[in-house]
Amino acid sequence: MNHEEVIAATREWIEKAVIGLNLCPFAKSVYVKNQVRIVVSDARHIDGFLEDLDRELDYLAGIDPETTDTTLLIHPTLFPDFLDFNDVHQIADEAVVEHELDGVIQIASFHPEFQFADTEPDDITNYTNRAPFPTLHLIREESLDRAVEAFPEAEMIFERNIETMKKLGLAGWLALGMTRPKKHGEE
């Protein structure tokens, strides 16, 4: 899959799921202003991916938020296993500290097989954090703080998303054109 296809699939997910289902009420404003940077990594190993992360942290820290407010760093093939990618997310959080960006940038993660603790793999609530590809979302804390101030009851977003997904169900998710992850052993 080439970069354009990865970016197109990611944009479709943002438009239909993240914005379309209002899973993140803060996403639309920066997306429509073209302030979301989408970067596809070609790294052949985790060290290369972490170098890409270092570059993106530096880029986001140095660019005007009106130009780029947030970054999605995607690798379509390197992290097929969610638990391995979850470990990478922990390393990414450490990189934020190493770059002296703690309190400036935070990282959220999305994965095709994302699974909350204490849920079954096929639980529809996991789909709130399922993206077409393993993705690290680099978020400016200042922007997040402004968005939370503007959104009443921001602490209820998670619970509202769970209810949205339960009402939608897997059939509704698939009707959006989204996919379900393959189960181990499926082709």
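This text goes with the structure placed above it.
What counts and how
Within each chain, residue numbers correspond to sequence positions counted from 1 in written order. pLDDT decides what is reported in this predicted model: residues at 70 or higher carry local features, side-chain atom pairs at 80 or more are listed and counted, and totals for whole chains, interfaces and linings draw on all residues regardless. Only hydrogens and water are set aside; all other atoms, that is, all heavy atoms of the structure, feed into the side-chain values. Relative accessibility thresholds used throughout: buried, under 20% of the residue-type maximum; exposed, over 50%; partly exposed, between the two (1.4 Å probe, protein chains only). The numbering of helices and of strands both runs from the N terminus, where a helix is a DSSP run of H or I of at least 4 residues and a strand a run of E of at least 2. Here a strand pair is declared whenever DSSP counts at least two bridges between the two strands. Note on handedness: a crossover is taken as right-handed if, strands pointing away from the viewer, the path from the first strand over the helix to the second is clockwise. Contacts are residue-level and defined by heavy atoms, with any inter-residue pair within 4.5 Å sufficient. Any residue with an atom within 4 Å of a point lines the site, the site being either a cavity, points on a 1 Å grid over the protein atoms alone where a 1.4 Å probe fits but cannot get out, or a pocket, an open set with protein on both sides within 12 Å along at least 5 of 7 lines. Grid points are joined across faces, edges and corners, and a volume is the space filled by probe spheres set on the points. Lines are fitted to the C-alpha atoms to define the axes, a helix being fitted only along its stretch in contact, and any angle between axes, read from their N-to-C directions, falls within 0 to 180 degrees. Any angle that falls under 35 degrees is termed roughly parallel, while one over 145 is termed roughly antiparallel, one within 65 to 115 roughly perpendicular, and all others oblique. Here a crossing is taken to be left-handed if its near helix is turned anticlockwise relative to the far helix by less than a right angle, and right-handed if that turn runs clockwise. In the scheme used here, Gly and all other residues not listed as nonpolar or charged are polar, with Ala, Val, Leu, Ile, Met, Phe, Trp, Tyr, Cys and Pro taken as nonpolar and Asp, Glu, Lys and Arg as charged. Pairing of aromatic rings covers Phe, Tyr and the six-membered ring of Trp, with a centre-to-centre limit of 6.5 Å; geometry is then stacked below 30 degrees between planes, edge-to-face above 60, and tilted otherwise.

## Re the pairing of strand β1 (residues 36-40)
Part 1 of the reasoning: Counting buried residues along β1, four of its five residues qualify, which places the element largely inside the surrounding structure.
Part 2 of the reasoning: For β1 and strand β2 (residues 70-74), the ladder comprises five bridges, and the chain directions are parallel. Bridge pairing in β2 links I38 to L72.
Part 3 of the reasoning: Note on the crossover from β1 through helix α3 (residues 46-62) to β2: the handedness is right-handed.

## Quick word on the environment of I7
Part 1 of the reasoning: Considering the arrangement of structural elements, one finds I7 in helix α1 (residues 3-19).
Part 2 of the reasoning: Distance in space between the C-alpha atoms of I7 and F133 is 9.9 Å, their sequence separation being 126 residues.
Part 3 of the reasoning: Setting aside anything within four residues of it in sequence, one finds I7 in contact with I38 and V40.

## Some remarks on the layout of surface pockets
Part 1 of the reasoning: Here the largest pocket is characterised by a volume of approximately 1,100 Å³.
Part 2 of the reasoning: Listed by contribution, the elements that provide at least two residues to the lining of the largest pocket are α1, α2 (27-32), β2, β3 (105-110), β4 (135-140), α5 (141-150) and α6 (157-175).

## Quick word on the packing of α3 against helix α4 (residues 82-98)
Part 1 of the reasoning: The contact between α3 and α4 brings their axes to 11 Å, and the two run at 40°. Classified by the interaxial angle, the pair formed by α3 and α4 is oblique. The two elements α3 and α4 cross, and the hand of that crossing is right-handed. In this structure, α3 contributes I46, F49, L50, L53, D54 and L57 to the contact, and α4 contributes V88, I91, A92, A95 and V96.
Part 2 of the reasoning: Looking at the contact of α3 with α4, its residues break down into 10 nonpolar, no polar and one charged.

## Describing the packing of aromatic side chains
Each aromatic ring pair is described using two quantities: the centre-to-centre distance and the angle formed by the ring planes.
Part 1 of the reasoning: By the definition in use, this model includes seven aromatic pairs.
Part 2 of the reasoning: Geometrically, the ring pair formed by F116 and F158 is edge-to-face, given 5.5 Å between the ring centres and 85° between the ring planes. With a gap of 42 residues between them, F116 in the loop between β3 and β4 and F158 in helix α6 connect regions that are remote in the sequence.
Part 3 of the reasoning: Aromatic side chains Y127 and W173 sit 5.3 Å apart centroid to centroid with 75° between the ring planes, which places their arrangement in the edge-to-face category. Here W173 lies in helix α6 and Y127 lies in the loop between β3 and β4, a separation of 46 residues in the sequence.
Part 4 of the reasoning: Accessibility expressed as a relative area gives 4% for Y127, which makes it buried.
Part 5 of the reasoning: Taking relative accessible area as the criterion, W173 reaches 2% and is therefore assigned buried.

## A few points about the sheet that holds β2
Part 1 of the reasoning: Taken in spatial order, the four strands of this open sheet run β1-β2-β4-β3, and their pairing is mixed. This sheet does not close on itself; its edge strands, each paired only once, are β1 and β3. Between one strand and the next, the sheet's axes are offset by a mean angle of 20°, whatever the strand orientation.
Part 2 of the reasoning: Sheet topology note: the β2/β4 ladder contains five bridges and is antiparallel. Bridge pairing links I74 to T135 in β4.
Part 3 of the reasoning: Each of β1, β2 and β3 touches α1; the most contacted strand, β1, lies at about 140° to it.

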